[in-house]
Every structure is written in C-alpha cells, then in structure tokens.
Amino acid sequence: MKKILMITALLALTFSASYAQQKLAYVNSEYVLKHIPEYAAAQKQLDELSTKWQEEVDGKYAEIERLYKAYQNDQTLLNDDMRRRREDEIVNKEREVKDLQRQRFGFEGELFKQRAQLIQPIQQRLTKAIQDLAASESLDLILDKGPETTFLFANPALDKSNAVITKLGFKPDPKLAD
C-alpha cells in the first residue's frame, strides 16, 4: 500500500511540475535595436539636437559669467541703483537660461518629445515582433536582457534576439552584440 501511495504521489508531483512549466525566453533589446538603421539615425539626430541645444545653453551661461565678472570689477564704482539693476539683470538672465534648459531638456521638454516622436514607432515595431514571436513559438514569458537588467545566468538557448531581428526583416550580426 505504501508503494502505491508513493508511486501515486511521485506521478502527481511529476505531472504537476510538468504542467506548471512555462515556456520562457529572453531578448536583448539593445542588441536588436542596433540592427535597425532607423534607430541609429534617430539616435544620431537626437544626439545632434542635444549637442546643439547644450551649446546654446553653455553660451548663455558664458554670457552670464562675463556679466558677473564685469559686475565684480565695476562694483565699487557703481551707485546702489546701478548695482541693483546689474544684479537684477544677472539674476534674470540666469532664470531665463534655467527656463530654457528645462524647456529643452526637462521632463516632457522638447528633447523628450523628439525622442518619443522618433523612437516610439521603432519600439512599437520591436514590441509587435516580440509578440508575434511569442505567439508563433507558444512562449508564455519573454524578458528583456537589456543593459539595465541583471541576469545572474542566462541560457543562450533561451535567447530569441536573433529571431526578433529576423522577424523585423534584418539579418543578425553577431559583431553588434557588444
């Protein structure tokens, strides 16, 4: 009787373990995005825009620094009214530059909006390709092994990055894998 119970319990355990098993895979989205020419072009465009705007902001800060040094040099020669006007001018220019910085680089600033406009369609294509792959291979879970995710171990057999690249219509290039 004990043997029958043990065999039944073992079979039940084996059945439940195999039933609970899910098919999972991972994708390295950074590696996949490197294969999409539009992504590289969008990143380049965003970098150029960011550099241009940063140079503009740096130029305005340099102007403020010049005004401040001139104010320090002339401070002893100025009366109270002139001193206050120059101080107000410097403070106002600093405020304007900080507003410009926030407008360009802040959350929901112009750079954020440009990034969304350029990158979002590419990310939607990537997401659709991953969903199609999951459906075609009956995968229950696909994780992203991007630069911010830490995998202590990842079986390369579970990596579906090349399948996603192929589904997007590109040829996988192992040289792009860091």
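Residues numbered from 1 in each chain as written. Predicted model: local features only at pLDDT ≥ 70, side-chain atom pairs only at ≥ 80, totals over all residues. Heavy atoms only, no water.

**Q** Help me understand the overall build of the protein chain in this model?
**A** When its secondary structure is counted, the protein chain shows six helices and two strands. Its helices and strands taken in sequence order, the protein chain reads α-β-α-α-α-α-β-α from the N to the C terminus. Out of the 178 residues belonging to the protein chain, those deemed buried represent 22%. Accessible surface computed for the protein chain: about 13100 Å², of which carbon and sulfur atoms make up 55%. (Helix = DSSP H or I, 4+ residues; strand = E, 2+ residues; numbered from the N terminus. Buried < 20%, exposed > 50% of the residue type's maximum accessible area, 1.4 Å probe, protein only. Areas by Shrake-Rupley, 256 points an atom, 1.4 Å probe, with all protein chains shown as cover.)

**Q** What's the story with the pattern of salt bridges in this structure? I'm lost.
**A** Working definition: two side chains of opposite charge can pair if their charged atoms are close together. All told, the structure shown has 10 salt bridges when counted by the stated rule. Between Glu 63 and Arg 66 there is a salt bridge, and its shortest N-O distance comes to 2.6 Å. Placement of both Glu 63 and Arg 66 in helix H3 (residues 37-74) is noted, with a separation of three residues, approximately one turn of the helix. On the accessibility criterion, Arg 66 (47% relative accessible area) is partly exposed. A salt bridge links Glu 110 to Arg 104; the shortest N-O distance between them is 3.5 Å. (Salt bridge = Lys/Arg side-chain N within 4 Å of Asp/Glu carboxyl O.)

**Q** In this structure, what is going on with the layout of surface pockets? I would like to understand it.
**A** Vacant regions in the atomic arrangement are exposed by a probe of water-molecule size rolled over the atoms. A volume near 280 Å³ is recorded for the largest pocket. For the largest pocket, the lining is made up of 16 residues, of which Ser 29, Glu 30, Leu 33, Asp 144 and Pro 147 are closest to its centre. At the level of secondary structure, the elements contributing two or more residues to the lining of the largest pocket comprise helix H2 (29-33), H3, helix H5 (110-136) and strand S2 (141-144). Here the lining of the largest pocket is built from residues that sort into nine nonpolar, three polar and four charged. Space inside the second largest pocket adds up to approximately 210 Å³. Together, 13 residues line the second largest pocket, and Asn 28, Tyr 31, Lys 145, Asp 159 and Ala 177 are the ones closest to its centre. Of the residues that constitute the lining of the second largest pocket, the class distribution is five nonpolar, four polar and four charged. (1 Å grid on protein atoms, 1.4 Å probe; cavity = no way out; pocket = protein on both sides within 12 Å on 5 of 7 lines; lining within 4 Å. Points joined across faces, edges and corners; volume = space filled by probe spheres on them. Nonpolar A, V, L, I, M, F, W, Y, C, P; charged D, E, K, R; others polar.)

**Q** Where do I start with H5 in this structure?
**A** Along an α-helix, residues three or four apart share an orientation, since each turn contains 3.6 residues. With 27 residues, H5 ought to run about 39 Å at 1.5 Å a step, and its terminal C-alpha atoms sit 39 Å apart, in line with that. The largest bend along H5 measures about 40° and falls at Ile 119, with the proline Pro 121 one to four residues further on. Every buried residue of H5 is listed here: Leu 111, Ile 119, Ile 122, Leu 126, Ala 129, Ile 130, Leu 133 and Ala 134. Along its buried surface, H5 packs onto strand S1 (24-27), H2, H3, helix H4 (80-105), S2 and helix H6 (161-167). Positioned one or two residues after H5, Ser 138 has a phi angle of 55°, which is positive. (Expected span 1.5 Å × (residues − 1). Bend = angle between axes of the 7 residues up to and from the residue. Contact = heavy atoms within 4.5 Å.)

**Q** Would you mind showing me how to read the packing of aromatic side chains here?
**A** Where two aromatic rings form a pair, the distance of their centres and the angle of their planes describe that pair. Overall, the coordinates contain two aromatic pairs when judged by the stated rule. Between Trp 53 and Phe 105, the ring centres sit 6.4 Å apart and the planes meet at 80°, which makes this aromatic pair edge-to-face. Pair noted here: Trp 53 is in helix H3 and Phe 105 is in helix H4, with a separation of 52 residues, a long-range link. For Trp 53, a relative accessible area of 7% puts it in the buried group. (Phe/Tyr/Trp six-rings, centres within 6.5 Å; stacked < 30°, edge-to-face > 60°.)

**Q** Can you help me understand the environment of Asn 79 in this one?
**A** Along the chain, Asn 79 falls in the loop between H3 and H4. Assessed through its relative accessible area of 42%, Asn 79 is described here as partly exposed. For Asn 79, the side chain forms a polar contact with the main-chain nitrogen of Met 82, separated by 2.8 Å. (Polar contact = N/O pair within 3.5 Å; in protein donor to acceptor, adjacent residues only side chain to side chain.)

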